[in-house]
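The residues making up each chain are set out below.
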Amino acid sequence: MVALSSPPLPFMGAVKVGLWSLWLPGLLLISVSIYFTQRLPSHVVDLETRRGFDDGGGGSGRVRITIYTAPRPFVGTVGDRQAVAVRSWLGLGDDVRVVLFGRDASVREFADGVGSRVSVESDIDFSFMGAPFFHSMVARSQTNPLDITVIIDPVAILLPDFISTLNFGHQLEHDWFLYAFTRGVPNFPFHLSSDGKQWLGEDGDRIQLQKLQEFLPMGLPSNCSEKRMLMAWRNSNVPLHVGVLPPFLYGRGIHDRWLINEVLHSKLRFVFDASWTISNFYLINSDDHRSHSSADGSLVLAMPENNWEYDGNLLLGNLYGQLYFHEMNYSDVMKLAKCDGHFVFVRSVESCSSPVHDTVPGLSTKKKILNCLSKISSSAISMSFIRRSDFRLSKSPLLPFDLEYILPVVADETKTIVLSIAGYSYKDMLMSWVCRLRSLRISNFLVWALDDDTYEFSVLQGLPVLRDRQAPRNISFNGCHFGTKCFQKVTKRKSTLVLRILKLGYNVLLSDVDVYWFKNPIPFLQSLGPAVLAAQSDEFNLTGPINLPRRSNSGFYFAQSDDPTIAALEKVVKHAENSQLSEQPSFYDTLCGEHGKYRVGDDKCWDPVTNLTVLFLDRDIFPNGAYKGLWEKRNVRSACKKTGSYILHNNWISGRQKKLSRQVSSGLWDYDIGSRMCLHKWYKRKVIGYI
């Protein structure tokens, strides 16, 4: 037998080096995988890397997706950009549905023109300037019965890898929440085909996905000049986060980062960044710069001076949740990458060379993935979230409006204003009143705040509001009801403010916030003609005259901007200034004469000095709180509907708490104080209690 000689030393060394070059990456991969897997929450441990689906979006399963967005009106360049974006979404497959939040006629016109897979939802909360509320958008989207919900910027264009990413996410065993930053592209020389399913070049040839992606920046701008992003989650009974989503205005900063931060810290869902696997972008335009970077590279919101919408969102970000107190570390967020046909989760840009967990067989495939991730890490730019130093709001948001400016903004085509005056103790009733008017499609209302707290609350709720600097100070929270000194002082401000508005040429329907509206009374009141002041009667007897002394109610009346009405209100204001009583006796004594000497019939008065007629409104259709015991009926709404009531006044009851309790228990309540959101038809009504 011939003995085999040992290989030369240089050869053995080469073999050892070769083996180590293979074993070390594998050993490192296993070590890092075990280390990071142990650090993951228990509901993420079983995540696996899986073979990706076809980039054209064709997966074996049919994942039903609903995309929600809040577009601006579909007019001009903005409208064109939004139309291209929506068409790109629809072109991803027949299982994609689109819901547009909006009230502008052009939004519905656009939806009608693109087919049944696009619908319009206007039944959410909007500010008086037309901005949708983010918390209302999210709440509405959570009623989505389909598999996956997406919220996206209205100009963000999606490519087919969006579908393959969501297909992958849909197969994960755990509830998840993803986000992806939207890149700005200054030059994109392609256009969508007429059916929205293909991207075409100038010569009409179809452009492959890889070619399209070459025009997208691999990383994100270091200054994040456009903070746009999409968010998506799998629908289930698991909430997105713990706590309340405050009333952020959509598109006015903070809200998207705030939500991601809360979802991440709540640890109810697996959160990951899909910016590397979802190609979504917008075409940069000259008006697209809404923020900038400070000298130290931190994100600074660029906001117009006195922009109450951005100021309000910043204030809410300070007051709610953990964003201000617990800065989000972007490097801790899991990131989804796709290499060699496999989806891989990694912890951070710096650790891109080591996936967190995978089950990919074969060292060759692993090396390809590692090389792919290494390329991603070398070209990607880390993006930091908003930090505590970015909250630079030093004061409460202020509306840059005075009375002369805001009246034409909110008045209807007849120059009519619905005015209500409120203090902080009645802020919830104010919002229920506002929500009811919104549900009736009445938007020409104005709130006059008696204190700073009510003013700030109203601004953050998107209400048209002005601060009354002449209102009495130290208004009691629970002690400003009928008969108190506080009540007397507050009511005298009503006629003074109404007179100011009348002199500016606007009609005024004054309504206290404890007046519940069943239907719009304005057309009826306007039909009464000029030189007529229509007021509710406070008479409680079922029979007899309703214009008896001191029976006019100054909590609901309609005054037109004409000479007789203005002259009459001047008399009322002057009389009230010298009275030790509330405003209501001044109304009656001035316009109907002491002891009712100017009464005409059973329901009118006529002032011979100003030639003004005061009409006491029919109590069947404008009932007060004592009439026919309506508030004690088992079904208050049904009882009022039978008589054709326009409104029902929640008066003839003493005390704020009793008033609130009666209205809430009757079902005549339209505001959820917990979510700070109006109760819509789609909204699950919550039990509201007051102590």
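Residues numbered from 1 in each chain as written. Predicted model: local features only at pLDDT ≥ 70, side-chain atom pairs only at ≥ 80, totals over all residues. Heavy atoms only, no water.

Undergrad: Which residues make up the state of the cysteines, and what values go with them?
TA: Following the criterion strictly, the structure yields two disulfides and no others. The side chain of Cys-435 participates in a disulfide bridge whose partner is Cys-678; the two sulfur atoms lie 2.0 Å from each other. Here the disulfide of Cys-435 and Cys-678 is left-handed, its torsion about the S-S bond being about -80 degrees. Of the two residues, Cys-435 sits in helix α11 (residues 427–439) while Cys-678 sits in strand β29 (residues 677–678), which places them 243 residues apart along the sequence. Residue Cys-678 is classed as buried on the basis of its relative accessible area, which comes to 4%. (Disulfide = S-S within 2.5 Å. Helix = DSSP H or I, 4+ residues; strand = E, 2+ residues; numbered from the N terminus. Buried < 20%, exposed > 50% of the residue type's maximum accessible area, 1.4 Å probe, protein only.)

Undergrad: Could you give an account of the sheet that holds strand β16 (residues 342–346), naming the residues involved and the relevant values?
TA: Read from one edge to the other, the open sheet built from nine strands follows the order β3-β2-β1-β4-β10-β6-β11-β15-β16, with strand pairing classed as mixed. For this open sheet the edge positions go to β3 (118–121) and β16, each flanked by a neighbour on one side alone. The mean angle between the axes of side-by-side strands here comes to 25 degrees, regardless of whether they run parallel or antiparallel. Here strand β6 (residues 176–181) pairs with strand β11 (residues 270–273) via four bridges, running parallel. In the sheet register, Trp-176 faces β11, and the bridge partner there is Phe-270. Each of β1 (65–69), β2 (96–101) and β3 touches helix α2 (residues 76–90); the most contacted strand, β2, lies at about 150 degrees to it. (Pairing = 2+ DSSP bridges. Axes fitted to C-alpha atoms, helices over the stretch in contact; angles between N-to-C directions. Contact = heavy atoms within 4.5 Å.)

Undergrad: Run through the packing of helix α8 (residues 308–319) against helix α12 (residues 452–460), naming residues and quoting values.
TA: α12 packs onto α8 with a crossing angle of 105 degrees between their chain directions and a minimal axis gap of 10 Å. With respect to α12, the element α8 is oriented roughly perpendicular. For the pair formed by α8 and α12, the contact residues are Trp-308, Gly-312, Leu-315 and Leu-316 on the first element and Glu-456, Val-459 and Leu-460 on the second. (Parallel < 35°, antiparallel > 145°, perpendicular 65-115°, else oblique.)

Undergrad: Give a description of helix α5 (residues 161–171) that names residues and reports values.
TA: Across the 11 residues that make up α5, a large majority, nine, are buried. Those residues of α5 that fall on the buried side of the exposure criterion are Asp-161, Phe-162, Ile-163, Ser-164, Thr-165, Leu-166, Asn-167, Phe-168 and Gly-169.

Undergrad: Got a sec to walk through the pairing of strand β17 (residues 416–422)? Specific residues and values, please.
TA: Counting buried positions along β17 yields seven of seven residues, so the element is predominantly enclosed. Bridge count for β17 against strand β20 (residues 507–511) is four bridges, and the pairing is parallel. Paired with Leu-419 across the two strands is Leu-510, which belongs to β20. In the sheet, β17 pairs with strand β18 (residues 445–449) via five bridges, with the strands oriented parallel.

Undergrad: Can you lay out the sheet that holds β17 for me, pointing to particular residues and giving the numbers?
TA: Sheet strands pair by backbone hydrogen bonding; their relative direction is either parallel or antiparallel. Spatially, β19-β18-β17-β20-β23-β22-β26-β25-β24 is the arrangement adopted by the nine strands of the open sheet, whose pairing is mixed. With one partner strand each, in any of the chains shown, β19 (465–467) and β24 (599–600) form the two edges of the open sheet. Pairing of β18 with β19 involves three bridges; the strand directions are parallel. If you follow Ala-449 over to β19, its bridge partner there is Arg-467. Against the sheet, helix α10 (residues 403–410) contacts β17, β18 and β19, and its axis sits at roughly 150 degrees relative to β18.

Undergrad: Now, about the packing of helix α15 (residues 563–577) against helix α16 (residues 583–591): what can you tell me, with residues and values included?
TA: α16 packs onto α15 with a crossing angle of 125 degrees between their chain directions and a minimal axis gap of 9 Å. For the element pair α15 / α16, the angle class is oblique. Crossing of α15 over α16 shows right-handed handedness. In this structure, α15 contributes Ala-568, Leu-569, Lys-571, Val-572, His-575 and Ala-576 to the contact, and α16 contributes Ser-586, Phe-587, Asp-589, Thr-590 and Leu-591. Looking at side-chain class alone, the contact of α15 with α16 contains six nonpolar, three polar and two charged residues. (Left-handed = near helix turned anticlockwise from the far one by under 90°. Nonpolar A, V, L, I, M, F, W, Y, C, P; charged D, E, K, R; others polar.)

Undergrad: Break down the side chain of Ser-586 for me, with residues and values.
TA: Mapping Ser-586 onto the fold places it in helix α16. Judged by its relative accessible area of 0%, Ser-586 is buried. Separated by 2.9 Å, the side chains of Ser-586 and His-575 make a polar contact. (Polar contact = N/O pair within 3.5 Å; in protein donor to acceptor, adjacent residues only side chain to side chain.)

Undergrad: Outline a nonpolar patch on the surface, listing residues and values.
TA: A surface patch of nonpolar side chains, about 290 Å² in accessible area, is lined by Met-129, Tyr-405 and Val-409. Tracing the chain through its elements places Met-129 in the loop between β3 and α4 (134–141). (Patch = residues over 30% accessible without salt bridge, like charges linked within 9 Å, V, L, I, M, F, W, Y side chains within 5 Å. Areas by Shrake-Rupley, 256 points an atom, 1.4 Å probe, with all protein chains shown as cover. Salt bridge = Lys/Arg side-chain N within 4 Å of Asp/Glu carboxyl O.)

Undergrad: Account for the pairing of strand β12 (residues 280–283), with residues named and values stated.
TA: The pairing of strand β5 (residues 157–158) with β12 spans two bridges and is antiparallel. Considered in β12, the bridge of Ile-157 is made with Phe-281. Sheet topology places strand β7 (residues 183–185) next to β12; three bridges connect them, and they run parallel. Within the sheet, the bridge partner assigned to Val-185 lies in β12 and is Leu-283.

Undergrad: Tell me about the nonpolar core, and name the residues and values.
TA: In this structure, Leu-419, Trp-433, Leu-446, Trp-517, Leu-533, Phe-556 and Tyr-557 are the most contacted members of the largest nonpolar core, which totals 85 residues. Among the elements that make up this core, the one with the highest residue count is α11 (seven residues). Ignoring anything within four residues of it in the chain, the contact list for Tyr-557 reads Lys-494, Ser-495, Val-498, Val-508, Leu-509, Leu-510, Leu-533, Ala-534, Ala-535, Leu-569 and Phe-587. If you look at the next biggest cluster of nonpolar residues, it comprises 53 residues, including Val-86, Leu-92, Val-96 and Phe-110. (Core = buried A, V, L, I, M, F, W, Y, C linked by side-chain atoms within 4.5 Å.)

Undergrad: I'd like a rundown of the environment of Asp-468, residues and numbers included.
TA: Structurally, Asp-468 can be placed in the loop between β19 and α13 (485–503). Along the sequence, Asp-468 and Asp-452 sit 16 residues apart, while their C-alpha atoms lie 9.0 Å from each other. At a separation of 2.8 Å, a polar atom in the side chain of Asp-468 contacts the side chain of Arg-493.

Undergrad: Tell me what's going on with the packing of aromatic side chains, and back it up with residues and numbers.
TA: Under the defined criterion, the tally for this structure stands at 31 aromatic pairs. Ring geometry for Tyr-516 and Phe-518: centres 5.3 Å apart, planes at 65 degrees, overall edge-to-face. Judged by relative accessible area, which is 2%, Tyr-516 ranks as buried. Looking at Phe-518, the relative accessible area reads 14%, which means it is buried. Linked through ring pairs, Phe-168, Trp-176, Phe-270, Phe-272, Phe-343 and Phe-345 together constitute an aromatic cluster. One residue, Lys-415, lies across the ring of Tyr-506, its end atom 4.6 Å from the ring centre. (Phe/Tyr/Trp six-rings, centres within 6.5 Å; stacked < 30°, edge-to-face > 60°. Lys NZ or Arg CZ within 6 Å of the ring centre and 35° of its normal.)

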